[in-house]
Amino acid sequence: MSSEEKTGGLLSHNEWARRDLRWLFGSAQALLFVLLILIGLGPVVWLAKGAITPTIDTLRNPLALFPHGVAWSNLTEAWSQVHVGRYFWNTVVLAFGSWLCQIVVATTGAFVLSVLRPAWGKFIYWLLLGTLFVPAIVLVVPLYIEIVHPPLIRHSFVESYWAIWLPAGASAFNVVLMKRFFDNLPRELFEAAKIDGAGPVRLFFSIVLPLSKPILGVVSIFAILAEWKNFLWPFLVLTNSPDRQPLSVRLPAIQPQTQIGVLLASMLIASLVPLIGFLVFQRTFLRGTGLGGALKG
Amino acid sequence: MISGDSTRAGEPVAIGGAAVTRPRVRGRFSPLDWVRRGGLSAVAFALPMLVIFTAFSWYPITRLVVLSLQTTNLVDPPSWVGLQNFRDVLNDPLFMTALKNTAYFALLALLFGFPIPLIAAVLISESRRFRGAYSALAYLPVVIPPVVGVMLWRYVFYEPSSVGLFNTVLGWFHMGPYGWLQSTGTAMPALVVESTWANAGTTVIIYLAALMSVDRDLYDAASVDGANLWRKVWHVTVPQIRGVLLVMFMLQIIGTAQVFLEPYLFTSGGPANATLTLLLLVYQYAFGNSIGVGFGQAAALSLMVAVFLAIFSLVFLRLTRSWSTT
């Protein structure tokens, strides 16, 4: 993708010079910009505004701009009285564990499939690709039974974070994405390291991982974000321990007994980490690496 | 980027694994030799993947099939019932309702979610200066956690009283207030609108990447040959991004067939089952009443959805292989 787009795109120079076309396209673009501000930014800004607006004002006129001042107390009340602080911490712990499990499985697995290449690697790879056809949500019922009554182990994992951390690792998409990246690393480097006497462990930690920072970043960002958004699975396996539930599970639960101003403040707090993450890693998101990779089937 | 696939220069050399260039003695397998060639370390490295995928992917898939043929209540040992669970599901009047609703959701989502992001992406791709700002704005709703998005829409935008955000705006024109989620006619479209808002950003980004990877020279060449705007769209853009369009179409069908969060959090399937979808029905079978009673039916319905989607994707990919350029 060249940054220098001086030559024409879909519209050529001559067409950009034509007044009717330029007017048509320009106004369509301007309209799109206004719509995107309204649809994309609008709800986020409104949420931020509602989070610091007194409940009574939000209830009377949701579009008025602070008719009776700003209620910063919504945020502090949400954080301490509604215990959003604790749920926030729960979410962080859950996201960190899921991230760790996904990274360990994806890097070591892809290392075997792409670099070590044992004879049985092909077979495993096909099994992995097969699971891409099985949507995660249809496995909820058998997974739930497995967590409640695990085979071989006589210990229920219900109400435990392990029930969320470990299944998160089983993402075939991560392994495939990682393997494709490893496939493109220069083989000569591995050969040279091997001649210098590096074993597989050395190869993995000193050569493959340091070269894979870009893809590790992508997988990490999407892993953390996915766990932050996760609702159904933590809702099912942590049903009876509200104190240990993440934000996405707690928010609908606290809604009935929380006034709207404080509720909006809680929702804003729940969105802060993904929003800040997006602002910081914008390019990773907008390049579509994590999603685009899936398209090349 | 979409086209960032590996075009490998020749077959890479296997490292440390089985394929080290040593003349192999045919028909004889020596464990010592296998260990010396690094077979053990490959197994050690594969262990996390093998354990996690066996436990949480391959075993549950097998278990799903077994469950669909059994009745179980988590206490007594399960008993085999053949295809009874499938018969139960197919005879359940709610199944047809859920099937119709899911198809309706998919259709509406396609109607909103296919052309709008495409038009947006075309307009964005022609903007030189503000491309980043456009795409960041379009992607912003995707970043909001889905639960927050749904709650924001449910308790603020779709609030049925006159102080709901939409009803406030309509009130300026002396319309409403409407109970968006409370009437059987508008509940499903209301869900689709929120869902499109929440997901369209991803589609825009993918279309945009595809559009940007179209070779600019093709447009120039077409212009030189005297093609006007529409001919360029039809003869250059569309063929160049056809592969992405087809895959996105497929992914959207697959995604909407599994819709759960929106109907669950917005309406719990109501009013009068107007938003009961297939996956919500699975949830109700499995966890709706006393837990465990309907695990068999839930597994049977899950399996049917999964098999349908797998067959759909395979057939779709096979049928469209010849049309796709990528």
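Please read these numbers as outputs of a predicted model, since none were measured by experiment. (Residues numbered from 1 in each chain as written. Chains lettered and ligands numbered in written order. Predicted model: local features only at pLDDT ≥ 70, side-chain atom pairs only at ≥ 80, totals over all residues.)

**A short note on the interface of chain A and chain B**
Contacts between chain A and chain B engage 93 residues on the former and 93 residues on the latter. Of all the elements, helix H2 (residues 19-51) of chain A adds the most residues to the side of chain A that touches chain B, at 14 residues. Per-class residue counts for the side of chain A that touches chain B are 60 nonpolar, 20 polar and 13 charged. (Contact = placed C-beta atoms within 7 Å. Helix = DSSP H or I, 4+ residues; strand = E, 2+ residues; numbered from the N terminus. Nonpolar A, V, L, I, M, F, W, Y, C, P; charged D, E, K, R; others polar.)

**Quick word on unusual backbone geometry**
Of note, A:Glu159 is a non-glycine position whose phi angle comes to about 70 degrees, a positive value. Residue classification places A:Glu159 among the partly exposed residues on the basis of 13 C-beta atoms within 10 Å. Positive phi values are uncommon outside glycine, yet B:Asn273 reaches one of about 60 degrees. Mapped onto the fold, B:Asn273 is located in the loop between helix H12 (261-266) and helix H13 (278-288). When the 16 C-beta atoms within 10 Å are taken as the criterion, B:Asn273 is described as partly exposed. (Buried ≥ 20, exposed ≤ 12 C-beta atoms within 10 Å, placed from the backbone.)

**Observations concerning the domain arrangement of chain B**
Split by domain assignment, chain B resolves into domain 1 (23-63) and domain 2 (88-143 + 186-320). The straight-line distance from the C-alpha centre of domain 1 of chain B to that of domain 2 of chain B is 38 Å. (Domains from an automatic or database assignment.)

**Side note on the nonpolar core**
Soluble, globular proteins show a tendency: their nonpolar side chains are buried together. Judged by nonpolar contacts, the single largest core of 163 residues is most densely connected at A:Val141, A:Met178, A:Met267, B:Tyr139, B:Val282 and B:Leu301. Counting residues per element, this core draws most heavily on helix H9 (residues 184-212) of chain B, at 16 residues. Counting residues domain by domain, this core receives three or more from each of domain 1 (23-63) and domain 2 (88-143 + 186-320) of chain B. (Core = buried A, V, L, I, M, F, W, Y, C linked by C-beta atoms within 7 Å.)

**What to know about the environment of A:Gln245**
All names here are of chain A. Checked against the element boundaries, Gln-245 lands in the loop between helix H13 (232-237) and helix H14 (247-254). On a C-alpha basis, the gap between Gln-245 and Pro-234 in space is 7.1 Å, while along the polypeptide they are 11 residues apart. Contact partners of Gln-245, with chain neighbours within four places excluded, come to Tyr-87, Asn-90, Pro-234, Leu-238 and Arg-250.

**Description of the packing of helix H5 (residues 84-116) of chain A against helix H12 (residues 213-229) of chain A**
Residue and element names in this part refer to chain A. Contact pair H5 / H12: the axes reach a minimum separation of 9 Å and the direction vectors enclose 140 degrees. Here H5 lies oblique to H12, going by the angle between them. Remark: the crossing between H5 and H12 carries right-handed chirality. Across from Thr-91, Leu-94, Ala-95, Ser-98, Trp-99, Gln-102, Ile-103 and Ala-106 in H5, the residues of H12 making contact are Leu-216, Val-219, Ser-220, Ala-223, Ile-224, Glu-227 and Trp-228. (Axes fitted to C-alpha atoms, helices over the stretch in contact; angles between N-to-C directions. Parallel < 35°, antiparallel > 145°, perpendicular 65-115°, else oblique. Left-handed = near helix turned anticlockwise from the far one by under 90°.)

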